[in-house]
Amino acid sequence: MANLESIQTLAFPLPPSQYITAFTDENVRKNKIPKPPPIPTTEYKMFGKPFSNDENIITPLESQGFKRLYPQHFDRKKELKKMNHSILINFLDLIELLVKYPDSPRRAEKIDDLTQLFVHIHHLLNEFRPHQARETLRVMMELQKRQRLETAQRFQKHLEKVRDIVKSAFATLPDQMESNSKLLIPVEMMETDRETEQTTDSCCQMDRIMCDIVDEFSN
């Protein structure tokens, strides 16, 4: 993360305190927001502290000005438990000093001891961060793999069901054609029926005309 001072050198010059004010809804719609600062290649500042790209992710305690309280090769769980007990004991000693000897110079020593212990615990926990990130990524990938395998299995089951339905449909198709052929009416019979209907309709029409003529003469 680059320092906010480098933003002033971009095409959208703004003080760091007003940089966030440029990200309004109108500026986003009009694409007038400032560009992100360039990626630092050498050194940069974050929270007022200088950092370098060549530094390790977790710097040793000696480089930060703290004396190491544990050896180079150690068991982190045991050291964390020991430091936790030491913090509890030093805290009880500090309370006793505040009650009995509030002006004792040992009070500052106890506060310094507690500070050192908390810094070491924080450093030991931070050393687990890369391992935690790898484990989190591994768990996420395993979960995605399991979900995709389950999806593929469900798809294969549905595909097999569809194939069975299609096969059964093709198997029953000839029987349905034979049964439907029995219900079909021959074309010759349909044409004969149509001619009969037309003749009947014409006869009925002539009878109506003759009846109308007779009715007129009778009147």
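Cut-offs applied
- Residues numbered from 1 in each chain as written.
- Predicted model: local features only at pLDDT ≥ 70, side-chain atom pairs only at ≥ 80, totals over all residues.
- Heavy atoms only, no water.
- Core = buried A, V, L, I, M, F, W, Y, C linked by side-chain atoms within 4.5 Å.
- Buried < 20%, exposed > 50% of the residue type's maximum accessible area, 1.4 Å probe, protein only.
- Contact = heavy atoms within 4.5 Å.
- Phe/Tyr/Trp six-rings, centres within 6.5 Å; stacked < 30°, edge-to-face > 60°.
- Lys NZ or Arg CZ within 6 Å of the ring centre and 35° of its normal.
- Helix = DSSP H or I, 4+ residues; strand = E, 2+ residues; numbered from the N terminus.
- Expected span 1.5 Å × (residues − 1).
- Salt bridge = Lys/Arg side-chain N within 4 Å of Asp/Glu carboxyl O.
- pLDDT = per-residue confidence, 0-100.
- Polar contact = N/O pair within 3.5 Å; in protein donor to acceptor, adjacent residues only side chain to side chain.

Some remarks on the nonpolar core
- Core analysis: the biggest nonpolar cluster contains 10 residues, these being L61, Y70, L80, M83, I87, L94, L114, L117, I121 and L124.
- Setting aside anything within four residues of it in sequence, one finds L61 in contact with F66, Y70, V119, H120 and H123.

Some thoughts on the packing of aromatic side chains
- Evaluation of the coordinates by the stated rule reveals 0 aromatic pairs.
- In this arrangement the basic side chain of R76 is found over the ring face of F128, its NZ or CZ atom lying 5.6 Å from the centre.

Describing helix α2 (residues 76-100)
- Over its 25 residues, α2 extends 36 Å from the first C-alpha to the last, a length consistent with the 36 Å expected when each residue adds 1.5 Å.
- Here α2 has its buried residues at E79, L80, M83, I87, N90, L94 and L97.

A look at unusual backbone geometry
- The backbone of N31 shows a phi angle near 60°, a positive value even though the residue is not glycine.
- Inspection of the secondary structure assignment puts N31 in the loop between α1 (25-29) and β1 (43-46).
- Owing to a relative accessible area of 62%, N31 belongs among the exposed residues under this scheme.

Digging into the pattern of salt bridges
- In total, this model carries 7 salt bridges according to the counting rule given.
- Put simply, K30 and E26 hold a salt bridge, and the shortest N to O gap is 2.9 Å.
- On the basis of relative accessibility, which here comes to 43%, the residue E26 falls in the partly exposed class.
- The shortest N-O distance in the salt bridge between D93 and K110 comes to 3.3 Å. With D93 in helix α2 and K110 in helix α3 (residues 106-127), this pair connects stretches of sequence that are 17 residues apart.
- Three or more residues are tied together by salt bridges with common partners; here these are E135, R138 and E142.

Concerning the confidence of the model for the chain
- For the chain, the average pLDDT comes to 75, and 68% of its residues sit at 70 or higher.
- Averaged pLDDT values for the elements of the chain fall to 57 in helix α5 (residues 187-218) and rise to 90 in α2.
- Counted against residues more than four places away or in other chains, residues 1-12, with its pLDDT under 50, gives 25 contacts.

Some points on the side chain of K110
- K110 sits in the buried class, given a relative accessible area of 12%.
- Among the polar contacts listed, one links the side chain of K110 to the side chain of D93, at a separation of 3.3 Å.
- Residues contacting K110, with those up to four places away along its chain left out, are N90, D93, L94 and L97.

Points about the environment of F23
- Mapped onto the elements, F23 comes out in the segment before α1.
- Between the C-alpha atom of F23 and that of P34, which follows or precedes it by 11 residues, the distance is 8.1 Å.
- Those residues in contact with F23 that sit more than four places away from it in its chain are I33 and P34.

Quick word on the environment of E79
- Along the chain, the position of E79 falls in helix α2.
- Overall, the relative accessible area of 10% leaves E79 in the buried class.
- Separated by 45 residues in sequence, E79 and L124 place their C-alpha atoms 8.8 Å apart.
- Non-local contacts of E79, meaning those with residues more than four positions away in its chain, are made with Y70, P71, F74 and L124.

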